[in-house]
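Residue-level structure breakdown
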There are 2 protein chains.
Amino acid sequence: MGELDLVRSIRKWTAGKAPGLIVGVGDDSAIIRPRAREDVVLTTDLFLEDSHFKRDTHSAADCGWKALARALSDIASMGASPRFALVSLALPPWVDRKWIRGFYRGMTALASRYGVRIVGGDLSKAGKLACDVVVTGAVPTGQALRRSGAKPGDRIVVTGTLGGSSLGFETAKGPALRRHLRPEPRIEAGEAIRSKLGATACMDLSDGLAMDLHRLGKESGVAGHLHWALPLFPGASLRQALMGGEDYELLFTVPPSVKLPPVIAGIPLTDIGEMRKGRAGYVTFAGRPLPVSGWDPFKTRSV
Amino acid sequence: MGELDLVRSIRKWTAGKAPGLIVGVGDDSAIIRPRAREDVVLTTDLFLEDSHFKRDTHSAADCGWKALARALSDIASMGASPRFALVSLALPPWVDRKWIRGFYRGMTALASRYGVRIVGGDLSKAGKLACDVVVTGAVPTGQALRRSGAKPGDRIVVTGTLGGSSLGFETAKGPALRRHLRPEPRIEAGEAIRSKLGATACMDLSDGLAMDLHRLGKESGVAGHLHWALPLFPGASLRQALMGGEDYELLFTVPPSVKLPPVIAGIPLTDIGEMRKGRAGYVTFAGRPLPVSGWDPFKTRSV
């Protein structure tokens with residue numbers, strides 16, 4: 001399996017036209033043509049063997065799906081529409097052509113759902129599998145959601161349910177495992193939160209509610225106060241909901257005047273607390289200070 | 001060294017405004033605002049411990065410089081101006097804060113030379129250091145250089161000299177070593193080749209002239225015929241010039257009617273051969289078939 005062959009195959013697996021795509025896989029760089037009155041959002045996300053996945057729990061297709069889902073979730077959190085992806089892969093000796101085919105199958109299954117086209121990347125060898133996925137998105141000029149806009153008095157809201165990925169990782173079975181292996185980026189919900197709800201800040205929940213709300217509060221200069229009623233994934237514990245990573249739900253804030261719909265773009269919304277004046281990034285849960293902890297890639301491993 | 005601390009430091013090291021930059025390091029995605037009548041070019045490049053560098057030969061600052069230089073070279077090959085970079089880093093236990101500071105020092109030294117701003121990235125742990133650098137560039141709509149435009153009769157041209165990086169890697173001393181550790185992406189030359197020379201195709205020399213000319217010929221559907229007189233880096237062998245990787249010079253083609261200047265943007269140009277009808281990607285050197293070989297990351301290691 002030489003590089004030239006593999007590039008040829010990847011080009012075939014990812015072929016196709018897309019609005020705004022001028023050159024895809026196979027040249028030195030991809031070329032895209034942004035539309036007028038749109039900002040471009042850009043994110044990059046590592047997905048590493050033994051840090052983010054293990055060979056024996058994640059199939060090749062799971063890896064492809066999840067590597068892209070993580071990056072798409074960053075695009076969703078800006079309220080943007082994803083457009084293009086670049087995929088860098090460092091391949092260890094245990095990987096064969098079939099694995100790579102499976103990886104791209106899983107990735108393109110998710111990509112095609114959101115009209116995302118894979119337009120480039122890089123290939124290398126390594127001792128362990130390393131993947132880095134870049135995704136671009138588009139959003140009307142000046143309208144992207146950010147972490148920094150929350151105000152005292154704003155309601156704190158999450159999409160969907162929490163703790164499922166952590167539960168799935170720990171029990172390795174059932175719908176929770178599927179959620180761990182194949183998270184669903186909240187693309188349509190993110191777009192609707194931006195365009196219909198007048199959200200003041202938004203981010204995705206990748207490292208657990210406690211850590212991520214701390215980050216959002218820190219950027220916005222406010223303190224977050226959570227009440228008891230968190231929307232738990234069926235079977236998940238409070239610890240899994242607060243400290244578990246990889247839920248990839250959206251955490252956002254809206255002014256108190258906004259009447260929150262129960263569901264947006266098919267995903268339930270739950271009011272989980274309130275932003276108040278206070279130390280930036282300070283977080284309480286049911287009236288008690290919540291330690292800033294969650295999945296810190298520098299301290300623990302997720303798998 | 002926790003992730004929050006490190007993100008704070010990186011934000012400080014990379015801070016600053018730039019035209020078209022709306023949000024940089026610290027949010028879920030970066031936000032950039034493309035200019036009217038420009039295409040966006042996008043590239044991503046892996047830089048991996050023991051595949052692309054070794055701890056004991058590359059200082060932290062060399063690593064930062066070279067990881068960015070490799071990606072910038074892809075932007076240069078499109079005739080584009082680089083704008084923004086995102087840097088993903090997976091950090092092994094041997095890396096400390098001082099190393100990371102040095103890495104960013106080396107990278108920002110090169111970035112600031114070309115007005116490139118680091119606007120995002122990702123951090124993780126890993127057993128070995130892995131880096132992926134994404135760079136965006138801008139080029140007037142429809143004007144980007146590609147690999148696929150060379151025509152029979154076109155002259156084949158390279159910037160600068162060949163074989164220096166390979167010589168530096170093998171001898172580990174002198175100006176050749178500096179060239180190996182701190183390659184200079186040919187940004188201004190690429191822009192001038194696009195705007196002033198009417199080049200029909202262009203790519204950067206990352207895997208050796210033999211391999212890269214094969215690729216360019218393959219994409220363009222022509223055969224490349226090299227003559228004897230290659231511009232060798234002082235002390236480099238023909239083998240190093242033909243098969244050695246990482247020169248990061250530009251390889252391009254121009255119609256025979258173009259009068260080639262001896263120097264462009266301060267870099268010497270050398271006519272090294274001619275494209276002709278024939279099997280796509282077939283390459284000869286001084287009249288003899290040249291095997292397609294060079295640095296294939298799947299077969300050999302560069303370090």
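Summary of the structure given here. (Residues numbered from 1 in each chain as written. Chains lettered and ligands numbered in written order. Predicted model: local features only at pLDDT ≥ 70, side-chain atom pairs only at ≥ 80, totals over all residues. Heavy atoms only, no water.)

Observations concerning the overall build of chain A
Here is the rule: Elements are defined by DSSP. Helices are runs of H or I of four residues or more, strands are runs of E of two residues or more, and each kind is numbered from the N terminus. In this setup the radius of gyration rests on C-alpha atoms only. A globule is expected at 2.2 Å times the number of residues raised to 0.38. Per-residue accessibility, obtained with a 1.4 Å probe over protein chains only, is compared with the maximum for each type, and a residue is labelled buried under 20%, exposed over 50%, and partly exposed between these values. In this description, contact between two residues means that some pair of their heavy atoms is separated by no more than 4.5 Å.
On a plain count of helices and strands, chain A comes out with 8 helices and 14 strands. Expected size for 303 residues packed as a compact globule is a radius of gyration near 19 Å; at 19 Å, chain A falls within 12% of this value. The C-alpha extent of chain A, read off along each of the three principal axes, is 60 × 45 × 30 Å. Per-residue burial over chain A gives 62% buried out of 303 residues. Taking all contacts inside chain A whose residues are at least 6 apart in sequence as the whole, residues at least 24 apart take part in 86%.

Brief notes about unusual backbone geometry
All names here are of chain B. Backbone geometry at Glu-246 places phi at a positive 65°, although glycine is not the residue there. Within the secondary structure, Glu-246 is located in the loop between helix H8 (238-243) and strand E10 (250-254). Although it is not a glycine, Tyr-248 adopts a positive phi angle of roughly 55°. With respect to the secondary-structure elements, Tyr-248 resides in the loop between H8 and E10.

So, the sheet that holds strand E4 (residues 81-91) of chain A
Rule in force here: Any two strands between which DSSP finds at least two bridges are classified as paired. Axis lines are fitted to C-alpha atoms, over the contacting stretch for helices. Their N-to-C directions set the angle, which ranges from 0 to 180 degrees.
With mixed pairing, the 6 strands of this open sheet are ordered in space as E5(A)-E4(A)-E6(A)-E3(A)-E2(B)-E1(B). Two strands bound the open sheet, and with one partner strand each, they are strand E5 (117-125) of chain A together with strand E1 (21-23) of chain B. The average angle at which neighbouring strand axes cross in this sheet is 20°, direction not considered. Strand direction decides the pairing type here: E1(B) and strand E2 (residues 30-32) of chain B, joined by 2 bridges, are antiparallel.

Quick look at the pairing of strand E10 (residues 250-254) of chain A
Residue and element names in this part refer to chain A. Judged by how many residues are buried, E10 sits mostly within the fold: 5 of 5 residues are covered. With 4 bridges connecting them, strand E7 (residues 155-159) and E10 associate as antiparallel partners. Paired with Arg-155 across the bridge in E10 is Val-254. Of the strand pairs in this sheet, strand E8 (residues 201-204) and E10 are connected by 4 bridges, and their pairing is antiparallel. Each bridged residue has a counterpart across the sheet, and for Asp-204 the counterpart in E10 is Leu-250.

Notes on the interface of chain A and chain B
Heads up, the rule is: When two components associate, each loses some accessible surface as probed by a 1.4 Å sphere; the sum of these losses over both components is called the buried area. By definition here, a salt bridge exists when the distance from a side-chain nitrogen of Lys or Arg to a carboxyl oxygen of Asp or Glu is within 4 Å. A 3.5 Å cut-off defines polar contacts: any pair of N or O atoms within that distance qualifies, except that in protein one atom must be a possible hydrogen donor and the other a possible acceptor, and neighbouring residues in sequence count only when both atoms are side-chain atoms. Under the scheme applied here, ten amino acids are nonpolar (Ala, Val, Leu, Ile, Met, Phe, Trp, Tyr, Cys and Pro), four are charged (Asp, Glu, Lys and Arg), and all others, including Gly, are polar.
Taken together, the 68 residues of chain A in the interface contact 68 residues of chain B. Across the chain A to chain B interface the summed buried area is about 5,500 Å²; carbon plus sulfur atoms make up 56%. In this structure, the connection of chain A to chain B is made through 8 salt bridges. Here A:Arg11 and B:Glu219 are joined by a salt bridge, their closest N and O atoms 2.9 Å apart. One can count 31 residue pairs in polar contact (both at pLDDT 80 or more) joining chain A with chain B. Taken together, the residues of the side of chain A that touches chain B break down into 29 nonpolar, 16 polar and 23 charged. As paired strands, strand E2 (residues 30-32) of chain A and strand E3 (residues 38-48) of chain B are joined by 3 bridges and run antiparallel to one another. When the sheet's bridge partners are listed, A:Ile32 is paired in E3(B) with B:Val40.

Describing the pattern of salt bridges
All names here are of chain A. Evaluation of the coordinates by the stated rule reveals 44 salt bridges over all chains. Residues Glu-38 and Arg-83 are paired through a salt bridge, measuring 3.2 Å at the closest nitrogen-oxygen approach. Residue Glu-38 is found in strand E3 (residues 38-48), and its partner Arg-83 is found in strand E4; the two are separated by 45 residues along the sequence. Both residues of the pair, Glu-38 and Arg-83, count as buried. Shared partners join several salt bridges into a network, and the residues in it are Asp-45, Lys-66, Arg-70 and Glu-246.

Things to note about the packing of helix H1 (residues 3-13) of chain A against helix H3 (residues 97-113) of chain A
To describe two helices that pack against each other, one gives the angle between their axes and the distance between the axes. All names here are of chain A. Using the following cut-off: Just so you know how the angles are binned, under 35 degrees is roughly parallel, over 145 roughly antiparallel, 65 to 115 roughly perpendicular, and the rest oblique. Handedness of a helix crossing follows the sense of rotation of the near helix relative to the far helix, less than a right angle counterclockwise being left-handed and clockwise being right-handed.
Running from N to C, H1 and H3 cross one another at 25°; their axes reach a closest spacing of 11 Å. The orientation of H1 with respect to H3, classified from their angle, is roughly parallel. The crossing of H1 and H3 is right-handed. For the pair H1 and H3, the contacting residues are Leu-6, Ser-9, Ile-10 and Trp-13 in the first and Arg-97, Ile-100, Arg-101, Tyr-104 and Thr-108 in the second. Taken together, the residues that form the contact of H1 with H3 break down as 5 nonpolar, 2 polar and 2 charged.

Section: the environment of A:Ala109
Residues and elements named next belong to chain A. With respect to the secondary-structure elements, Ala-109 resides in helix H3. Judged by relative accessible area, which is 37%, Ala-109 ranks as partly exposed. Ala-109 sits 44 residues away from Trp-65 along the chain, and the two C-alpha atoms are 7.4 Å apart.

Comments concerning the relation of the copies chain A and chain B
Note the threshold: Copies overlap after least-squares fitting; the atoms used are the C-alpha atoms of residues with pLDDT of at least 70 in both.
In screw terms, the move from chain A to chain B is a rotation of 180° and a rise of 0.0 Å along the axis, fitting with an RMSD of 0.0 Å. As the rotation angle and translation indicate, the two copies are arranged about a two-fold axis. In this assembly, 100% of the residues forming the interface of chain A have copies in chain B that are likewise at the interface, indicating an isologous arrangement.

A few points about the side chain of B:Thr159
All names here are of chain B. With respect to the helices and strands, Thr-159 occurs in strand E7 (residues 155-159). Owing to a relative accessible area of 0%, Thr-159 belongs among the buried residues under this scheme. In this structure the side chain of Thr-159 is engaged in a polar contact, spanning 2.6 Å, whose partner is the side chain of Glu-249. Here the side chain of Thr-159 touches Leu-250 through a polar contact of 2.8 Å, landing on its backbone nitrogen. For Thr-159, the residues in contact, after removing those within four places along its chain, are Arg-186, Ala-189, Ile-193, Glu-249, Leu-250, Phe-252, Ile-267, Pro-268 and Leu-269.

Side note on the environment of A:Ala192
Residues and elements named next belong to chain A. Tracing the chain through its elements places Ala-192 in helix H6 (residues 187-196). In sequence terms Ala-192 and Ala-280 are 88 residues apart; their C-alpha atoms lie 27 Å from each other. Residues contacting Ala-192, with those up to four places away along its chain left out, are Leu-197 and Ile-264.

Description of the pairing of strand E5 (residues 117-125) of chain B
Residue and element names in this part refer to chain B. Where we set the bar: The path from the first strand over the helix to the second decides the hand: if it runs clockwise while the strands point away from the viewer, the crossover is right-handed.
With 8 bridges connecting them, strand E4 (residues 81-91) and E5 associate as parallel partners. Paired with Leu-89 across the strands is Leu-123, a residue of E5. Once you follow E4 into helix H3 (residues 97-113) and on to E5, the crossover reads as right-handed.

What is shown is where atoms sit, not what they do.
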